[in-house]
Amino acid sequence: MKIAVIGANGKEGSLIVEEALDRGMDVTSIVRDEKKAKTDKFLVRDVYSLKKDDVKDFDVLVDALGFFGPNVDQYVPATKHLIEVLEGTNTRLLVVGGAGSLYVDKAHTKQLYQEADFPESVKPLSEEMGKSLDVLRESDINWTFISPAASFDAKGPKTDEYVLAGEELTFDKNGKSEISYADFALAMVDEIVNAKHQKERISVRW
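How each quantity is defined
Residues numbered from 1 in each chain as written. Predicted model: local features only at pLDDT ≥ 70, side-chain atom pairs only at ≥ 80, totals over all residues. Heavy atoms only, no water. 1 Å grid on protein atoms, 1.4 Å probe; cavity = no way out; pocket = protein on both sides within 12 Å on 5 of 7 lines; lining within 4 Å. Points joined across faces, edges and corners; volume = space filled by probe spheres on them. Helix = DSSP H or I, 4+ residues; strand = E, 2+ residues; numbered from the N terminus. Nonpolar A, V, L, I, M, F, W, Y, C, P; charged D, E, K, R; others polar. Core = buried A, V, L, I, M, F, W, Y, C linked by side-chain atoms within 4.5 Å. Buried < 20%, exposed > 50% of the residue type's maximum accessible area, 1.4 Å probe, protein only. Contact = heavy atoms within 4.5 Å.

1. What about empty space enclosed by the protein?
Part 1 of the reasoning: Tallying each qualifying case throughout the model produces two cavities of 30 Å³ or more.
Part 2 of the reasoning: Looking at the largest cavity, its volume works out to about 50 Å³.
Part 3 of the reasoning: Elements represented by at least two residues in the lining of the largest cavity include exactly α3 (75-86), β5 (92-96) and α4 (123-137).
Part 4 of the reasoning: Take the lining of the largest cavity: its biggest share by element is three residues, from α4.
Part 5 of the reasoning: Among the residues forming the lining of the largest cavity, the class breakdown is six nonpolar, two polar and one charged.
Part 6 of the reasoning: Computed from the structure, the second largest cavity encloses a volume of approximately 40 Å³.
Part 7 of the reasoning: For the second largest cavity, the full set of lining residues is L102, P148, A149, V163, A165, E168, L169, T170, S177, S203, V204 and R205.
Part 8 of the reasoning: Of all elements in the fold, only β8 (163-165) and β10 (200-205) reach the threshold of two or more residues within the lining of the second largest cavity.

Rendered as structure tokens:
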């Protein structure tokens, strides 16, 4: 499979690249600085400079971009641009999502970031990522949005295990909702290979 990863030099993006390479995939890094490319094949592009010709030959485009602080409002316009680029192509879009937009009730009316105990500092990020998910739902492209557990651990171990869930926040037998970056990358590449959740948002935890 031929895949491209936007944000391939980031903490999660680099692990997705590593996992994909380990599976024998043809991986291209899309980065803003060629010195930060994690693969022999790379494109030097800002997300907004990507064009159809750049991505049309890939089976999958992975969006592992992270916008923080004053740039958090870039999630929606970046997602809209990727939709425009992918419209009319056969390339799937897989997005590294956030936990904040997961639902905490079966009626799917209340989201995690609306909970009183959710960190106030993270709410803007969660809200913008949730809005980008809404934009994807309204699009015609083939997308999959993968949300991590409530606790997303960059330094956590790779256990090679995870539990696949849906739109609701779920917990293990000890009442914890956790996943490491490494096992999230495993789940992402599994979905790239298996394509079982097209045009869906899914979630993963331990």
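2. Section: the nonpolar core
Part 1 of the reasoning: Counting residues in each nonpolar core, the largest one holds 28 residues, and the members touching the most others are L61, L93 and L136.
Part 2 of the reasoning: Of all the secondary-structure elements, those providing two or more residues to this core are β1 (2-6), α3, β5, α4 and β6 (143-147).
Part 3 of the reasoning: It is α3 that contributes the most residues to this core, seven residues altogether.
Part 4 of the reasoning: With near-sequence residues (within four places) excluded, L93 lies in contact with L61, D63, L82, L86, L136, I141, N142, W143 and T144.
Part 5 of the reasoning: Of all hydrophobic cores here, the second largest spans 25 residues; its members include V17, A20, L94 and I192.

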